Amino acid sequence: MGEQHGPAGVRVPDSRLAAEATELVRDTSSDLIYDHSRRVYFFGSLLGGVGGIGHDAELLYIAALFHDVGLGAPFHGSGRRFEVDGAQEARRFLTARQVPEDRVRRVWTAVALHTTPGIPEFMEPEVALMAAGVEYDVLGSGYGEISAADRAAVVAAHPRPAFKQGILRAFADGVQPKPETTFGNVKADVLAHYDPHFRRGDFVRAVLESPWPE
């Protein structure tokens, strides 16, 4: 597997697997999601360098590309969390190309857990850096850990015009058809903001109203 030069000195895998993943996601996702996904890879890689975290660049790259695929219209009726839909799509893509199961599992886990704070950082490097890249691009977590010059280079390659509102709208559109999947995760905040008819699930009520007599 070779590499191509990317912004901020980050290398992009140029394997056939990476190229096919890029083509697939580019052709099926909006510019907003595609550029966000690429930034997640670059920021995750840069944070890995800052933290001295060695990782498999190809796995991190593919996980980053697929991490928001589950927001798309084909998955609105799945009844599953969008993170799981993206992870399943990544699994299908990789297994169809005879990628070993351990590598598939790492990508699946990175995609499935990318919105679950407090866990990925203790897992495999690709899982940890995927979540870190997402949190950097969406929340600005650890903003100063990447230099202004490197940050600007990544954004120049993959711009983020009106990104805050755009990504929130994409989240809302992706989960509104299956609001039950937001129970216990951050996307409930998104629907509470964008959907006046949304009512949060309540864990305490779920416990108190369970069929158990005590």
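Residues numbered from 1 in each chain as written. Predicted model: local features only at pLDDT ≥ 70, side-chain atom pairs only at ≥ 80, totals over all residues. Heavy atoms only, no water.

Asker: For a nonpolar patch on the surface, give the residues involved together with the corresponding values.
Answerer: A surface patch of nonpolar side chains, about 550 Å² in accessible area, is lined by Phe183, Phe203, Val204, Val207 and Leu208. Relative to the assigned elements, phenylalanine 183 resides in the loop between α8 (163–175) and α9 (187–194). For phenylalanine 183, a relative accessible area of 42% corresponds to the partly exposed category. (Patch = residues over 30% accessible without salt bridge, like charges linked within 9 Å, V, L, I, M, F, W, Y side chains within 5 Å. Areas by Shrake-Rupley, 256 points an atom, 1.4 Å probe, with all protein chains shown as cover. Salt bridge = Lys/Arg side-chain N within 4 Å of Asp/Glu carboxyl O. Helix = DSSP H or I, 4+ residues; strand = E, 2+ residues; numbered from the N terminus. Buried < 20%, exposed > 50% of the residue type's maximum accessible area, 1.4 Å probe, protein only.)

Asker: Break down helix α5 (residues 101–112) for me, with residues and values.
Answerer: With twelve residues, α5 extends 16 Å from end C-alpha to end C-alpha; this agrees with the ideal 16 Å at 1.5 Å per step. Regarding α5, the residues found buried are Val104, Arg106, Val107, Thr109, Ala110, Val111 and Ala112. Close packing links the buried residues of α5 with α3 (57–66), α4 (82–95) and α6 (125–139). (Expected span 1.5 Å × (residues − 1). Contact = heavy atoms within 4.5 Å.)

Asker: Account for the packing of aromatic side chains, with residues named and values stated.
Answerer: Under the definition given, this model contains six aromatic pairs. Centroid distance phenylalanine 43 to tyrosine 136: 4.7 Å. Interplanar angle 45°. Geometry classified as tilted. Residue phenylalanine 43 is located in helix α2 (residues 31–51), and its partner tyrosine 136 is located in helix α6; the two are separated by 93 residues in the primary sequence. One exposure class covers both phenylalanine 43 and tyrosine 136, and it is buried. Ring-pair connections join several aromatic residues into one group, and the members of that group are Tyr41, Phe42 and Tyr61. For the cation-ring pair, arginine 39 lies above phenylalanine 163, with the distance from its terminal atom to the ring centre recorded as 4.7 Å. Lying over the aromatic face of phenylalanine 171, lysine 187 brings its terminal NZ or CZ to 4.2 Å of the ring centre. (Phe/Tyr/Trp six-rings, centres within 6.5 Å; stacked < 30°, edge-to-face > 60°. Lys NZ or Arg CZ within 6 Å of the ring centre and 35° of its normal.)

Asker: I'd like a rundown of the environment of arginine 106, residues and numbers included.
Answerer: Of note, arginine 106 is situated in helix α5. Along the sequence, arginine 106 and glutamate 124 sit 18 residues apart, while their C-alpha atoms lie 7.4 Å from each other. When residues no more than four places from it in sequence are discounted, the contact partners of arginine 106 are Leu59, Glu124, Glu126 and Val127. Here glutamate 126 takes part through its side chain, which lies 3.1 Å from a polar atom of the side chain of arginine 106. (Polar contact = N/O pair within 3.5 Å; in protein donor to acceptor, adjacent residues only side chain to side chain.)

Asker: Break down the side chain of histidine 67 for me, with residues and values.
Answerer: Considering the arrangement of structural elements, one finds histidine 67 in the loop between α3 and α4. Reaching out from histidine 67, the side chain makes a polar contact with the side chain of histidine 36 at a distance of 3.0 Å. At a separation of 3.3 Å, a polar atom in the side chain of histidine 67 contacts the side chain of aspartate 68. Setting aside chain neighbours within four positions, we find histidine 67 in contact with His36, Ser37, Val40, Phe82, Val111, His114, Met130 and Val134.

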